[in-house]
Amino acid sequence: MSADRAWRPRVAASAVLRRDHVRRSDVLLLPERVVVLHGSGRAVLDLCDGSRTVEEITAALGRAHSGPVAADDVASFLGRLRTQGCLR
Amino acid sequence: MTPTAPVGAEPPPPWALLAELTHACPLRCGYCSNPLELTRRSRELRTDQWADVFRQAAELGVLQTHLSGGEPLLRRDLEDITRAAVEAGLHTQLVTSAVGLSAARLDALVEAGLHSVQLSVQHADPERSDALAGHPAFAAKRAAARLVTDRGLPLGVNAVLHRHNLDAVDDLVRLALDWGADRVELANTQFYGWGLLNRAALMPTGEQLAAAAQAVERRRAELAGVLDITWVVPDYFSGTPKPCMGGWGAVSLTVAPDGTALPCPAAAALPGLDPPNVTERPLRWIWAESRAFTLYRGTDWLPSPCRDCDRRTEDFGGCRCQAHALTGDAARTDPACSLSPDHAALVALTRADTPAAIVPRRPGGRAPGRVVG
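Remember, predicted model here, so these are calculated numbers, not experimental data.

## A closer look at the overall build of chain A
A tally of regular secondary structure across chain A gives three helices and three strands. The helix and strand sequence of chain A, counted from the amino end, reads β-β-β-α-α-α. Computed over its C-alpha atoms, the radius of gyration of chain A comes to 12 Å, within 12% of the 12 Å expected for a compact globule of 88 residues. Dimensions of chain A, computed from the C-alpha atoms along their principal axes, are close to 30 × 25 × 20 Å. Burial status across chain A gives 44% buried among its 88 residues. The long-range fraction of contacts in chain A, counting pairs at least 24 apart against all pairs at least 6 apart in sequence, stands at 56%. Placing the 14 positive and 10 negative side-chain charges of chain A at their respective mean positions leaves the two points 4 Å apart.

Listed below in structure tokens is the structure:
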């Protein structure tokens, strides 16, 4: 599924992306799930607005970090969130 | 998450709050897991008391609240309660039977900031759903689903599964899709409260379960990314206990209609907890220090054979309420575990051949004279 080249990930309508001040991390809230975002997780999800493919997200992330980004890591992170219903 | 905190350290903060706004409900579901003795309406927390609970919960680290019951729509101040939860910064989900969810009511809830709705159905077939609910509610549910999705609110469908609807799992998934849900929870009955009285009548057969589990696997694969399917395993059959509530006092807390705070909604039935009340104690103290929340937290209290088991940090010895209901001792290994000395007695309960009729939930506190099973 993460190998789906045409997929343009979009954060699910049911999800709320916000800062958790108690745990000092960013979280993605769904009706039945909380995903704690580590590392560049938040930056990746901010790019998931349905306009970019996984490849384009990886590239945009690389530009923002001015360095190469592990494409496999991004793809597997997005694939996992898709399975959990966090991404459409 | 570390299961055992260092001595003197605060436990990790809770993630979720189950707010049981009322025990009143128009439905008469025989599987109802609410306690036999329901809280009277006159003893329910007021709006401002709930607002205070939400503020304290958010400060403690709670991120989500499920506005539940009973039927929360029976609270005339549900809009104000919802707004208070949203203002506290919580993600709010309404857990409802849909009875009483008019367009005007939903508009007011959306206006208050409600994030999500979970709708219960009892069967995919309207007549059978109404019969199981003991109330002509199916048409209202279908209409409510439309109202929710029309407003762009995410919809979840929930069905409690048992002998009388497990064969409809495929149809329930189809219903969830047709109604525009983005998730469906297929939860095999957990036998607590009223539902425990009906255990024999609700107990599925192994064949039913195997077929349903297969259907779920197939539909999950087909619908990945379209519909999120949650399957709550029937622990009487699995041989492995559930990590109840993700561990005692580890993930979430429940506040009952009268303000009693408990690690889980079924824990009201446990002896010796001395349950604290939010009207008398700060939520932070309740979570970190009360006897009710610390008694079975972590792994230090575990009995044998759990304390040496490789799975002890996965299931924490299983469910305390189930251990108490089936053995009379809340500190024993959950009999759902195949390693429990009481497991054979539990397995025997899954082999009842002549199921009794379901006794519909009664509104008051009066249980039928005879406890089934």
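## Side note on the overall build of chain B
Each helix and strand counted, chain B has 15 helices and nine strands in total. The C-alpha atoms of chain B give 20 Å as radius of gyration, which agrees with the globular expectation for 373 residues (21 Å, within 12%). Counting only C-alpha atoms, chain B reaches 55 × 50 × 45 Å along its principal axes. Looking at the 373 residues of chain B, the share that counts as buried comes to 55%. In chain B, once contacts between residues fewer than 6 apart in sequence are set aside, the share between residues at least 24 apart is 73%. For chain B, the accessible area works out to roughly 15,400 Å², and carbon and sulfur atoms hold 52% of it. With 37 positive and 42 negative side-chain charges, chain B shows a spacing of 4 Å between the two charge centroids.

## Some remarks on helix α2 (residues 54-64) of chain A
Owing to its 3.6 residues per turn, the α-helix brings residues three or four apart onto one side. Residue and element names in this part refer to chain A. Of all the residues in α2, the buried ones are Val54, Ile57, Thr58, Ala60, Leu61 and Gly62. Residues of α2 that are buried make contact with α1 (41-46) and α3 (71-83). Positive phi appears at Ser66, one or two residues downstream of α2, with a value of about 40 degrees.

## As for the side chain of Ser68 of chain B
Following the sequence through the fold, Ser68 of chain B ends up in strand β2 (residues 64-68). A residue is classified by how much of its surface remains accessible, and Ser68 of chain B, at 10% relative accessible area, is buried.

## A look at the packing of aromatic side chains
All names here are of chain B. One pass over the structure, following the stated rule, counts six aromatic pairs over all chains. Ring geometry for Phe191 versus Tyr236: centroids 5.1 Å apart, planes at 70 degrees, classification edge-to-face. Of this pair, Phe191 sits in the loop between β6 (183-188) and α7 (193-197) while Tyr236 is found in helix α10 (residues 235-238), placing the two residues 45 residues apart along the sequence. Centroid distance Tyr296 to Trp301: 5.0 Å. Interplanar angle 70 degrees. Geometry classified as edge-to-face. On the basis of relative accessibility, which here comes to 10%, the residue Tyr296 falls in the buried class. An aromatic cluster is built from Trp248, Tyr296 and Trp301, whose rings are joined through pairwise contacts. The aromatic ring of Trp287 is capped on one face by Arg297, whose charged end is 4.9 Å from the ring centroid.

## Some details on the pairing of strand β8 (residues 252-255) of chain B
Residues and elements named next belong to chain B. In β8, alternate side chains face the same way, and those of Ser252 and Thr254 on one face and Leu253 and Val255 on the other are all buried. With two bridges connecting them, β8 and strand β9 (residues 261-262) associate as antiparallel partners. The residue bridging Thr254 from the neighbouring strand is Leu262, located in β9. As consecutive antiparallel partners, β8 and β9 are separated by five residues, and within that stretch Gly259 has a phi angle of approximately 95 degrees, a positive value.

## Things to note about the UniProt feature "binding site: [4Fe-4S] cluster" (unreviewed entry) in chain B
Residue and element names in this part refer to chain B. The sites that carry the UniProt feature "binding site: [4Fe-4S] cluster" (unreviewed entry) are, in the present numbering, Cys25, Cys29 and Cys32. Under the relative-accessibility criterion, Cys29 is labelled buried at 9%. With sequence-adjacent residues up to four places away left out, Cys29 is seen in contact with Gln122, Leu132, Ala133, Trp194 and Arg361. The residue Cys32 is located in the loop between β1 (16-20) and α1 (47-60) in this model.

## A word on the environment of Ala137 of chain B
Residue and element names in this part refer to chain B. Relative to the assigned elements, Ala137 resides in the loop between α4 (126-133) and α5 (138-150). When its relative accessible area of 0% is taken as the criterion, Ala137 is described as buried. Placed 91 residues apart in sequence, Ala137 and Asp228 show a C-alpha to C-alpha distance of 25 Å. Among all residues touching Ala137, those that are not within four sequence positions of it are Leu27, Val99 and Asp130.

## Description of the interface of chain A and chain B
Bring the parts together and some accessible area is lost; that lost area is often taken as the interface size. Across the boundary between the two partners, chain A contributes 19 residues, which contact 23 residues of chain B. Along the contact surface separating chain A from chain B lie two salt bridges. In this assembly, chain A and chain B are joined by 10 residue pairs in polar contact (both at pLDDT 80 or more). For the side of chain A that touches chain B, the elements supplying multiple residues, two or more each, are β1 (16-20), β2 (25-30), β3 (33-37) and α3 of chain A. Its residues assigned to classes, the side of chain A that touches chain B comprises nine nonpolar, three polar and seven charged.

## Points about the packing of helix α6 (residues 169-178) of chain B against helix α9 (residues 206-222) of chain B
One way to put it is that α6 of chain B packs onto α9 of chain B with a least axis distance of 9 Å and a crossing angle of 35 degrees. The residues of α9 of chain B that touch α6 of chain B, namely those facing Val169, Asp170, Val173, Arg174 and Leu177 of chain B, are Ala212, Ala215, Val216, Arg218 and Arg219 of chain B.

## A closer look at the pairing of strand β3 (residues 91-96) of chain B
Residue and element names in this part refer to chain B. Most of β3 sits inside the fold, with six of its six residues counted as buried. Two elements, β2 and β3, share four bridges in a ladder whose sense is parallel. Bridge pairing in β3 links Leu67 to Leu94. Between the parallel pair β2 and β3, the chain is carried across by helix α2 (residues 78-87), and the sense of this crossover is right-handed. In this sheet, strand β4 (residues 116-120) lies alongside β3 in parallel orientation, the contact comprising four bridges. The residue bridging Val95 from the neighbouring strand is Gln118, located in β4. Running through helix α3 (residues 103-112), the crossover from β3 to the neighbouring parallel element β4 is right-handed.

Thresholds applied
Residues numbered from 1 in each chain as written. Chains lettered and ligands numbered in written order. Predicted model: local features only at pLDDT ≥ 70, side-chain atom pairs only at ≥ 80, totals over all residues. Heavy atoms only, no water. Helix = DSSP H or I, 4+ residues; strand = E, 2+ residues; numbered from the N terminus. Rg over C-alpha atoms; globule rule 2.2 N^0.38 Å. Buried < 20%, exposed > 50% of the residue type's maximum accessible area, 1.4 Å probe, protein only. Contact = heavy atoms within 4.5 Å. Lys, Arg positive; Asp, Glu negative; His and termini not counted. Charge placed at Lys NZ, Arg CZ, Asp CG, Glu CD. Areas by Shrake-Rupley, 256 points an atom, 1.4 Å probe, with all protein chains shown as cover. Phe/Tyr/Trp six-rings, centres within 6.5 Å; stacked < 30°, edge-to-face > 60°. Lys NZ or Arg CZ within 6 Å of the ring centre and 35° of its normal. Pairing = 2+ DSSP bridges. UniProt positions renumbered as here; feature names shortened; annotations may be inferred. Salt bridge = Lys/Arg side-chain N within 4 Å of Asp/Glu carboxyl O. Polar contact = N/O pair within 3.5 Å; in protein donor to acceptor, adjacent residues only side chain to side chain. Nonpolar A, V, L, I, M, F, W, Y, C, P; charged D, E, K, R; others polar. Axes fitted to C-alpha atoms, helices over the stretch in contact; angles between N-to-C directions. Right-handed = clockwise from strand over helix to strand, strands pointing away.

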